[in-house]
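Analysis of the macromolecular model
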Amino acid sequence: MAQHIIARLGIFLLCIGIGACETSSNANNSPSQTAASSKACTLATPLKPGIPGSPDNPIKSDINPNGDSELSHLMRKMLKDLQKIRPSILAQSKTIPPVQGHERIRCSWPSDPGIRGPLFGALSDTYLSSLKFFESTAPTNDSYNGVVAACLGCHNSFCPGPIHLIQNLWIEGPGDSSP
Ligand code: HEC
């Protein structure tokens, strides 16, 4: 079943391991880096040079001693967040561990700054609306899987490496937790 749905999403099962995805895009609209500080986090938000995760200051870790982009770092947190939520959904719990900061996908330094274009923007919006819908309604397998599908939707276009990890988040069957 999951295989079916995933196939319908056009996800291919090529697993090339976790890693940065610099080579996955050929867009080249670099973000503007003029000074402007705002709480807004959109594709137009200028990225601040020099902050942790920016090209000159990658975030080093045991997983990647060479250092990761700000976006990679955020993505690992997003993966962990969903790994925490999944058991609550399986247990049909009404209380879901809250998540924070995912909206920052639109204003975090990617390894390849060129990806911050209209397609990335549209796929970010799809993801963030799926997450909002999931958080604002009684949790169901479907609304949870909607979030996972939106992760996959973007990865299919931009970063196929971690797809196998994201597929592991999928929950099979309708299993609606409402009575
Ligand atoms: C709008 C596009 C988009 C969405 C939505 C998205 N990702 Fe990503 N993801 C990326 C890009 C681009 C990268 C590569 C980041 C980089 O190299 O800077 C990435 C990288 C990753 C990585 C690898 C991080 C590493 O170790 O370098 C994981 C794991 C990941 N994403 C999981 C997820 C999960 C789980 C979700 C949903 C909860 C998700 N992604 C949603 C675009 C997206």
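Please refer to the structure placed before this passage.
Let us look at the structure shown here. (Residues numbered from 1 in each chain as written. Predicted model: local features only at pLDDT ≥ 70, side-chain atom pairs only at ≥ 80, totals over all residues.)

Turning our eyes to something else, we now look at the site of the ligand. With respect to spatial proximity, 30 residues lie near the ligand, and among them Ser 72, Met 75, Ser 111, Cys 151 and Cys 154 are the closest. Mapped onto the shell around the ligand, the elements with two or more residues apiece are helix H2 (70-90), helix H3 (118-136), helix H4 (141-158) and helix H5 (163-167). Examining the composition of the shell around the ligand, we find that seven residues originate from one element, H2, more than from any other. In terms of residue class, the shell around the ligand is made up of 22 nonpolar, six polar and two charged. (Near = placed C-beta within 6 Å. Helix = DSSP H or I, 4+ residues; strand = E, 2+ residues; numbered from the N terminus. Nonpolar A, V, L, I, M, F, W, Y, C, P; charged D, E, K, R; others polar.)

Counting residues in hydrophobic clusters, the biggest one holds 22 residues, and the most contacted among them are Tyr 144, Val 147, Val 148, Cys 151 and Leu 152. For this core, the secondary-structure elements that each account for two or more residues are H2, H3, H4 and H5. Ranked by residue count, the leading element in this core is H4, at seven residues. Discounting chain neighbours no more than four positions away, the residues touching Val 147 are Leu 82, Ser 130, Leu 131 and Phe 134. (Core = buried A, V, L, I, M, F, W, Y, C linked by C-beta atoms within 7 Å. Buried ≥ 20, exposed ≤ 12 C-beta atoms within 10 Å, placed from the backbone. Contact = placed C-beta atoms within 7 Å.)

To continue, consider the packing of H2 against H4. Viewed as axis vectors pointing N to C, H2 and H4 meet at an angle of 165°, and their least axial separation amounts to 11 Å. One finds that H2 runs roughly antiparallel with respect to H4. The way H2 lies across H4 gives a crossing that is left-handed. Within the contact between the two elements, H2 uses Leu 82, Ile 85 and Ile 89 and H4 uses Asn 141, Tyr 144, Val 147 and Val 148. Residues belonging to the contact of H2 with H4 are distributed by class as follows: six nonpolar, one polar and no charged. (Axes fitted to C-alpha atoms, helices over the stretch in contact; angles between N-to-C directions. Parallel < 35°, antiparallel > 145°, perpendicular 65-115°, else oblique. Left-handed = near helix turned anticlockwise from the far one by under 90°.)

For the rest of this paragraph, the subject is H4. Given a rise of 1.5 Å per residue, 18 residues ought to cover 26 Å, and the 26 Å separating the end C-alpha atoms of H4 matches this to within 8%. For H4, the full list of buried residues reads Tyr 144, Asn 145, Val 147, Val 148, Ala 149, Ala 150, Cys 151, Leu 152 and His 155. In this fold, the buried residues of H4 make contact with H2, H3 and H5. (Expected span 1.5 Å × (residues − 1).)

A few words on unusual backbone geometry. Residue Gln 92 is not a glycine yet carries a positive backbone phi of 55°. On the secondary structure map, Gln 92 appears in the loop between H2 and H3. In this structure Gln 92 comes out as partly exposed when scored by C-beta crowding, with 13 C-beta atoms within 10 Å.

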